[in-house]
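Working through the structure, step by step
Residues per chain, in single letters:
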Amino acid sequence: MNLTVKQLADLVHGTVQGDGTIAIQSARPLNVAQAGDITFVTDDKHAALLHQCRASAALAPPAVPANGIPLIRVPDPLAAFVIIVRHLRGDVQEPPHGVDPRAFVHPSATIGEGASIYPFASIAEGTVVGARCRIHAGAAIGRHCKFGDDVLIYPNAVVYDGTVLGNRVILHANSVVGADGFGFRTHDGKHVKVPQLGNVEIGDDVEIGACTTIDRGTFEPTRIGCGTKIDNLVQVGHNCQIGKHNVFVSQMGIAGSSSTGDYVVVAGQVGITDHIHIGAGAVIGAKAGVTKEVPAGQRMLGAPATPEREQKRILMTLEKLPEMRKDLRRIMQHLGLPEE
């Protein structure tokens, strides 16, 4: 598909600066764009790279200076670029599939208008699926679940009994929602399972990554707040209460009965112990080990996790340890003290 810069500007409600008649064949990021492509920059930091780029045009915010190629001025270049990429590639959402004859839907289940149930998906007794939901091949939905509208379940995801999903929730492939929490007690020398009788409740606009697991509560729900985004390979333990608009990055884990405020960010490979609270707006750096409560707005690093400023001082000191050891040996030799 070929469109002019002016036509693309109209598509994203932008303003052309420069020649609007240049033809654009594709949209590509700044580092790979060539002649005939449109690219984008989001700030002054990346604007300097436009001088080295061979793109025929670019999307840019109002404050970024021109560099000789046509610009489409928009408030949010990334969002506009996504629209253009989809338009040029002809990406169109597939029409409703309906219930495939190779899927299993229990007679007592309710399927909303415009929903798509793909081959070999399974929906058990009493489950309610909202309008325009898409349940892909091999997904297994348990009994008495309740889905809002526009829920998207990718292949082989598993949703256990009683799970509640809000509107526009996305579960990626092989994610598991509602498995038993890791609850055992020692009785007569044996590890005896504590029945996990709660469920999982997930708010609107939550996205759960591939191979992520969210355990059901012991007696009450495990909850994930609206707008929270969880990456691949994340573990959320039973009874956790996760706030709104959190971001959990790959390979982190939060143990049972812990909670977070809103807008918490947890980086990759972080481990969070059980029964603690992380305050709103806190940021936990990669590979940190969190063993204590974290105040709202605090930035934490290290294992055990400490405030970012303190941890950076520790790291700087560690880098100097070899020199400090040499200095100590010289002092001990000067004083005639034996080395251990």
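Residues numbered from 1 in each chain as written. Predicted model: local features only at pLDDT ≥ 70, side-chain atom pairs only at ≥ 80, totals over all residues. Heavy atoms only, no water.

1. Thoughts on the side chain of T218
- If you trace the backbone, T218 turns up in the loop between β26 (213-215) and β27 (222-224).
- Looking at T218, the relative accessible area reads 9%, which means it is buried.
- Beyond its immediate stretch of four places on either side in the chain, T218 contacts V194, P195, Q196, L197, G198, H238 and N239. (Helix = DSSP H or I, 4+ residues; strand = E, 2+ residues; numbered from the N terminus. Buried < 20%, exposed > 50% of the residue type's maximum accessible area, 1.4 Å probe, protein only. Contact = heavy atoms within 4.5 Å.)

2. Describing the nonpolar core
- Among the nonpolar cores identified, the biggest contains 47 residues, and F147, I153 and V236 are the most heavily contacted of them.
- Excluding residues that lie within four positions of it along the chain, I153 makes contacts with R134, I135, H136, A139, I141, F147, L165 and L171.
- Counting 18 residues, the second-largest nonpolar core is a separate cluster that includes L3, L8, A57 and L88. (Core = buried A, V, L, I, M, F, W, Y, C linked by side-chain atoms within 4.5 Å.)

3. Describing the sheet that holds strand β12 (residues 122-123)
- Ordered by their spatial adjacency, ten strands build an open sheet running β9-β12-β15-β18-β21-β26-β29-β32-β35-β38, and the pairing between neighbours is parallel. The open sheet terminates on both sides in strands that have one partner only, identified here as β9 (104-105) and β38 (289-290).
- Relative to β26, strand β21 (residues 176-179) runs parallel, the two sharing three bridges. Bridging across to β26, V177 finds its partner in I214. (Pairing = 2+ DSSP bridges.)

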